[in-house]
Amino acid sequence: AQSVTQLGSHVSVSEGALVLLRCNYSSSVPPYLFWYVQYPNQGLQLLLKYTTGATLVKGINGFEAEFKKSETSFHLTKPSAHMSDAAEYFCAVILMMDSSYKLIFGSGTRLLVRP
Amino acid sequence: EPEVTQTPSHQVTQMGQEVILRCVPISNHLYFYWYRQILGQKVEFLVSFYNNEISEKSEIFDDQFSVERPDGSNFTLKIRSTKLEDSAMYFCASRGDSGRSYEQYFGPGTRLTVT
């Protein structure tokens, strides 16, 4: 069965520190991969996506992620955390064989940024 | 920038009552989705809709649920007889059909509280 695993329901970093949010997927075919961010009481905003091409993708707000097929991973990073990055982050996949192109989400990681 | 809108932002209803959640997708999009997020849990796919019919539905989407696109702009989710466990945030999303655009745009959500 296809699934997305996000390691760590909560990640806490100091302001200015590296942010690393982990995402692994399980799929028999190459997926399309996404990271969404959800600020308190708001909807889901796309941070970045990987479909084809360059495996290192850059998104909004200084975030980037690298697709590593051998590790079935798509970890999200940001060199220097800002207080405004505090939010919930969801990794999601779309399976190419899925005609509806529905998103399958991970359980989310709440990022806390300490001053 | 075009956006997906949802109304109401918060709906409180009694168990057994019918509710209709409304969404206005981005105007030139062709694929429409409903997802839900129970408090503290992951975002789950409910249903996808294309060409005026359901293209896929999850196990959650039982006979109590229905979707409709009554006119050229609205996309609705109806729950016929709400249960306590239907309390959740419901997100609408839409997707275009330009080439290989797999990105889904999410609305801000409707928080449904069933008492």
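## Side note on the overall build of chain B
Check the secondary structure of chain B and you find 0 helices and 11 strands. When the helices and strands of chain B are read in sequence order from the N terminus, they spell out β-β-β-β-β-β-β-β-β-β-β. The globule rule puts the C-alpha radius of gyration for 115 residues at 13 Å, and the 13 Å found for chain B is close to it. Once the C-alpha set of chain B is aligned to its principal axes, its extents read approximately 45 × 25 × 25 Å. Working note: accessible area of chain B is about 5,900 Å², and carbon and sulfur atoms make up 44% of it.

## A look at the interface of chain B and chain A
Counting from both sides, the interface comprises 18 residues of chain B and, opposite them, 20 residues of chain A. Between chain B and chain A lies a buried interface of about 1,700 Å² when both sides are counted; carbon and sulfur atoms form 57% of it. One can count 2 salt bridges joining chain B with chain A. Elements that contribute at least two residues to the side of chain B that touches chain A include exactly β4 (31–37), β5 (43–50), β6 (53–57) and β9 (88–95) of chain B. A per-class count over the side of chain B that touches chain A returns 8 nonpolar, 5 polar and 5 charged.

## Regarding the nonpolar core
Counting residues in each nonpolar core, the largest one holds 29 residues, and the members touching the most others are W35, L48, F74, L76 and Y89 of chain A. For this core, the secondary structure elements donating two or more residues are β2 (10–14), β3 (19–21), β5 (31–38), β6 (44–50), β8 (64–68), β9 (73–78), β10 (87–95) and β12 (109–114) of chain A. Among the elements that line this core, the one with the most residues is β10 of chain A, at 5 residues. Residues F75, L77, A88 and V114 of chain B belong to the second largest nonpolar core, which totals 22 residues.

## Remarks on the pattern of salt bridges
Residues and elements named next belong to chain A. Within this structure, the stated rule accounts for 6 salt bridges over all chains. In this structure, the salt-bridge partner of K78 is D85, at a minimum N-O distance of 2.8 Å. Taking relative accessible area as the criterion, K78 reaches 10% and is therefore assigned buried.

## Regarding the packing of aromatic side chains
This structure, assessed with the given rule, holds 20 aromatic pairs over all chains. Through a chain of ring-to-ring contacts, three or more aromatic side chains come together here, namely F34, Y36, F90 and F105 of chain A together with Y33, Y35, F45, F91 and F106 of chain B. One Lys or Arg, K102 of chain A, reaches over the ring of F45 of chain B and ends 5.7 Å from the middle of that ring. Over the aromatic face of Y31 of chain B sits the side chain of R95 of chain B, whose NZ or CZ is 3.8 Å from the ring centroid.

## A closer look at the pairing of β4 of chain B
Residues and elements named next belong to chain B. The buried fraction of β4 amounts to 7 of the 7 residues, a majority that puts the element mostly inside the structure. Neither face of β4 is left uncovered, since the one carrying Y31, Y33, Y35 and Q37 and the one carrying F32, W34 and R36 both have all their residues buried. Sheet topology places β4 next to β5; 7 bridges connect them, and they run antiparallel. Within the sheet, the bridge partner assigned to Y31 lies in β5 and is Y50.

## Some details on the confidence of the model for chain A
Overall, the prediction assigns chain A a mean pLDDT of 91, with 96% of residues at 70 or greater. The lowest-confidence element of chain A is strand β1 (residues 3–5) of chain A, averaging 91 in pLDDT; the highest-confidence one is β3 of chain A, averaging 98.

## Re the sheet that holds strand β7 (residues 65–68) of chain B
Residue and element names in this part refer to chain B. Strand order across the open sheet formed by 4 strands is β1-β3-β8-β7, with antiparallel pairing between neighbours. Strands at the two margins of the open sheet, each flanked by one partner only, are β1 (5–7) and β7. If you compare each strand with its neighbour and ignore which way they point, the axes differ by 20° on average.

## Digging into the state of the cysteines
Throughout the structure, instances matching the rule amount to 2 disulfides over all chains. Sulfur-sulfur distance for the disulfide between C23 of chain A and C91 of chain A comes to 1.9 Å. Handedness here is read from the sign of the S-S torsion; for C23 of chain A and C91 of chain A, about -65°, the answer is left-handed. Of this pair, C23 of chain A sits in the loop between β3 and β4 (24–26) while C91 of chain A sits in strand β10, and the two are 68 residues apart along the sequence. This pair shows no difference in class: C23 of chain A is buried, exactly as C91 of chain A is. Two residues share a disulfide in this structure: C23 of chain B and C92 of chain B, whose sulfurs sit 1.9 Å from each other.

Cut-offs applied
Residues numbered from 1 in each chain as written. Chains lettered and ligands numbered in written order. Predicted model: local features only at pLDDT ≥ 70, side-chain atom pairs only at ≥ 80, totals over all residues. Heavy atoms only, no water. Helix = DSSP H or I, 4+ residues; strand = E, 2+ residues; numbered from the N terminus. Rg over C-alpha atoms; globule rule 2.2 N^0.38 Å. Areas by Shrake-Rupley, 256 points an atom, 1.4 Å probe, with all protein chains shown as cover. Contact = heavy atoms within 4.5 Å. Buried area = accessible area lost by both parts, 1.4 Å probe. Salt bridge = Lys/Arg side-chain N within 4 Å of Asp/Glu carboxyl O. Nonpolar A, V, L, I, M, F, W, Y, C, P; charged D, E, K, R; others polar. Core = buried A, V, L, I, M, F, W, Y, C linked by side-chain atoms within 4.5 Å. Buried < 20%, exposed > 50% of the residue type's maximum accessible area, 1.4 Å probe, protein only. Phe/Tyr/Trp six-rings, centres within 6.5 Å; stacked < 30°, edge-to-face > 60°. Lys NZ or Arg CZ within 6 Å of the ring centre and 35° of its normal. Pairing = 2+ DSSP bridges. pLDDT = per-residue confidence, 0-100. Axes fitted to C-alpha atoms, helices over the stretch in contact; angles between N-to-C directions. Disulfide = S-S within 2.5 Å.

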